[in-house]
Amino acid sequence: MSTPLLQVRGLTKRFGALVVTDDVHLEVAAGEVHAVIGPNGAGKSCLIGQITGELLPDQGSVSFNGAALDKLPVHRRAQAGLVRAYQVPQLFASFTVRGNASIPAIAAERCEWRWWLPASDVEALNRRSGAALEMMGIEPLAERPSAALGHGEKRELELAMGFATQAQLLLLDEPLAGLGPGESERLVRLLRTLKGRYAMLLVEHDMKAVFSLADRVSVLVAGRIIASGTPAQIQGDPAVRTAYLGGA
């Protein structure tokens, strides 16, 4: 069996008496969509924060591509190919759509800032940022200020920025939050087209989207994984239905 792309082993994080992740074990294979679901306050965002390095665990380890990440800061993990999208899109409001996509492209191409040379004049950056925007279907918006985008378009731009890096694993923290029905359906379709090309760790409350996209689902309740399996297995698990999905 091949080594998983992401391996989480025994992650534990406490804030005083509050345990937000409790001996969490999790794996994501290359090209897999692995969803983490659970009630509000279950520790899902704290789990993602520990994987990205924004929050240091008290115990446990994180490995990516077979290499330990525990001593690496956030930016080094991102350079390794582990990219996070936040619940609220994190954009440079004064930049255009293309300008936002060029920022991670600069890091990926290892380009240096040159005050006398606009990023738009660097062909390698144009190719990388343009491909990322086209992948998300927003290349026609390239010259629009990002502040003028709708919420769904901002979400798509943030994902495009992830693709403009050396992304191998996308950590998606409630990507459908705040989207209308049409925007949600569009984003789910876009993510479905990327299955197999990128691994994704998806935190989401929209169960229709989760069961449509995920290859595997883990259920986090009070900081602990109480079940992990295929969408069908999770939907039929009595403990999961009682703790989260509803029903006896």
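Quantities reported herein were computed from a predicted structural model and do not represent experimental measurements. (Residues numbered from 1 in each chain as written. Predicted model: local features only at pLDDT ≥ 70, side-chain atom pairs only at ≥ 80, totals over all residues. Heavy atoms only, no water.)

Draft legend 1. Region of the structure containing the layout of surface pockets. Size it by volume and the second largest pocket reaches roughly 200 Å³. Lining the second largest pocket, in full, are Leu-176, Pro-181, Ser-184, Glu-185, Val-188, Arg-189, Arg-192, Asp-206, Lys-208, Ala-209 and Ser-212. Contributions of two or more residues to the lining of the second largest pocket are made by helix H6 (181-194) and helix H7 (207-213). The dominant element in the lining of the second largest pocket, judged by the number of residues it contributes, is H6, at six residues. For the lining of the second largest pocket, the residue count by class is four nonpolar, two polar and five charged. (1 Å grid on protein atoms, 1.4 Å probe; cavity = no way out; pocket = protein on both sides within 12 Å on 5 of 7 lines; lining within 4 Å. Points joined across faces, edges and corners; volume = space filled by probe spheres on them. Helix = DSSP H or I, 4+ residues; strand = E, 2+ residues; numbered from the N terminus. Nonpolar A, V, L, I, M, F, W, Y, C, P; charged D, E, K, R; others polar.)

Draft legend 2. Here's a closer look at helix H5 (residues 151-163). Here H5 contains 13 residues, and its C-alpha end-to-end distance of 19 Å stays within 8% of the 18 Å for a straight helix at 1.5 Å per residue. The set of residues buried in H5 consists of Gly-152, Arg-155, Glu-156, Leu-157, Glu-158, Leu-159, Ala-160, Met-161, Gly-162 and Phe-163. (Expected span 1.5 Å × (residues − 1). Buried < 20%, exposed > 50% of the residue type's maximum accessible area, 1.4 Å probe, protein only.)

Draft legend 3. Looking closely at the packing of aromatic side chains. Counting across every chain of the model gives two aromatic pairs. Seen in terms of ring centroids, Phe-163 and Tyr-198 are 4.7 Å apart; in terms of plane orientation they differ by 50°. Their pairing is tilted. Highlighted residues: Phe-163 in helix H5 and Tyr-198 in the loop between H6 and strand E8 (199-203), separated in sequence by 35 residues. Of the two residues, Phe-163 and Tyr-198, neither departs from the other in class, the shared state being buried. (Phe/Tyr/Trp six-rings, centres within 6.5 Å; stacked < 30°, edge-to-face > 60°.)

Draft legend 4. Region of the structure containing the side chain of Gln-50. Within the fold, Gln-50 resides in helix H1 (residues 44-52). Gln-50 has contacts with Leu-11, Thr-12, Lys-13, Thr-21, Leu-55, Pro-57, Val-62 and Arg-77, leaving out every residue within four places of it along the chain. (Contact = heavy atoms within 4.5 Å.)

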